[in-house]
Amino acid sequence: MIKNIVFDMGNVLLRYNPQVPLDLFCASEEEKETIRRELFEGPEWVQGDLGNITRAEKYEAIRARIPETMHPALKRCVYEWHVCMKPVPGAKAFCDYLKTKGYPLYVLSNASDEFYGYFPRFAPLSYFDGIVVSSDVHMIKPDRQIYAYLLERYGLLPQECLFLDDLEQNVEAARQAKMAGEVFAGNFEKIKEQYFL
């Protein structure tokens, strides 16, 4: 029986789309391609999510390997990328519905410490019954240990938890941890009908 709902943050509660800052801050397609590859798809992004490097360290490391003409755009993308993080349509209404039904809500997110600056665009931290951010615990999904950490920290039984994430590998890891899991693709109504009606 499902008693607790665990949400991923990016593309479940808040939209994560690197194309938005790239379009805003880059002057050419070459800049966009380079900064996408080196920042959003580079090793420093994961290290930030692991809490191992700061934004300044991220910028300096990437700056050293791209053309100097791209440094201003890179800096804006490093420091202002979260301009794209706006609530996913229907997410807050779905969460409000679950709260009226008495379900505790949790967040399990791969994110740097910048999370605490932009996440309140969705809801205050206190809106949720618990939040685990990867950079705080130096573990990231789909590492099974971060799911175990969430369950232990909040005293949750895995078989009583439903985990929603937009990435199949993260949902599969939750299932391996004995949680119910659904790959989220904008289908709040389907999930509501399947689990909560």
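Quick note: structure is the one above.
Just so we're clear, the structure is a prediction, and the values are computed from it rather than from any experiment.

Caption draft 1: Representation of the environment of Thr-69 within the structure. Counting through the fold element by element, Thr-69 comes out in the loop between α4 (55-63) and α5 (71-80). Put simply, Thr-69 and Ala-174 are 105 residues apart on the chain and 43 Å apart in space, counted from C-alpha to C-alpha.

Caption draft 2: Representation of the state of the cysteines in the model. The full count for this structure, using the stated rule, is zero disulfides. Sulfur of Cys-26: no disulfide; nearest cysteine sulfur belongs to Cys-77 and is 4.3 Å away. Of all cysteine sulfurs, the one in Cys-95 lies closest to Cys-161, which takes part in no disulfide; the gap is 15 Å.

Caption draft 3: Fine view of the environment of Gln-145. Among the secondary structure elements, Gln-145 is positioned in helix α9 (residues 144-154). Note: C-alpha distance between Gln-145 and Ala-173 (28 residues apart in sequence) is 9.8 Å.

Caption draft 4: Quick peek at the packing of helix α6 (residues 91-100) against helix α11 (residues 188-195). Following both chains from N to C, one finds α6 and α11 inclined at 20°, their axes separated by 10 Å at the closest point. Comparing the axis directions of α6 and α11 gives the class roughly parallel. Pair α6 / α11 crosses with right-handed handedness. Packed against α6, whose contacting residues are Ala-91, Phe-94 and Tyr-97, the element α11 presents Phe-188, Ile-191 and Lys-192 at the interface.

Caption draft 5: Examining the pattern of salt bridges more closely. Taken as a whole and judged by the stated rule, the model has 15 salt bridges. Taking the shortest distance from any N to any O, the salt bridge between Arg-55 and Glu-114 comes out at 3.6 Å. A residue pair is termed long-range when its members are at least 10 positions apart, and Arg-55 in helix α4 and Glu-114 in the loop between β2 (105-109) and α7 (115-118) qualify at 59 residues. When salt bridges with common partners are traced through the structure, they connect Arg-37, Glu-38, Glu-44 and Arg-65 into a single cluster.

Caption draft 6: Local environment of the nonpolar core. Among the nonpolar cores identified, the biggest contains 50 residues, and Ile-5, Phe-7, Leu-13, Phe-119, Phe-128 and Phe-196 are the most heavily contacted of them. Broken down by element, this core gets its largest block of residues, five residues, from α6. Apart from residues lying up to four places away in sequence, Phe-7 is in contact with Val-12, Leu-13, Phe-94, Cys-95, Leu-98, Leu-105, Tyr-106, Val-107, Leu-108, Phe-128 and Leu-164. In terms of nonpolar packing, the next biggest core, distinct from the first, is built from 18 residues, Val-132, Met-139, Val-171 and Met-179 among them.

So, how was this worked out
- Residues numbered from 1 in each chain as written.
- Predicted model: local features only at pLDDT ≥ 70, side-chain atom pairs only at ≥ 80, totals over all residues.
- Heavy atoms only, no water.
- Helix = DSSP H or I, 4+ residues; strand = E, 2+ residues; numbered from the N terminus.
- Disulfide = S-S within 2.5 Å.
- Axes fitted to C-alpha atoms, helices over the stretch in contact; angles between N-to-C directions.
- Parallel < 35°, antiparallel > 145°, perpendicular 65-115°, else oblique.
- Left-handed = near helix turned anticlockwise from the far one by under 90°.
- Contact = heavy atoms within 4.5 Å.
- Salt bridge = Lys/Arg side-chain N within 4 Å of Asp/Glu carboxyl O.
- Core = buried A, V, L, I, M, F, W, Y, C linked by side-chain atoms within 4.5 Å.
- Buried < 20%, exposed > 50% of the residue type's maximum accessible area, 1.4 Å probe, protein only.

These values are about where atoms sit, not about what they do.
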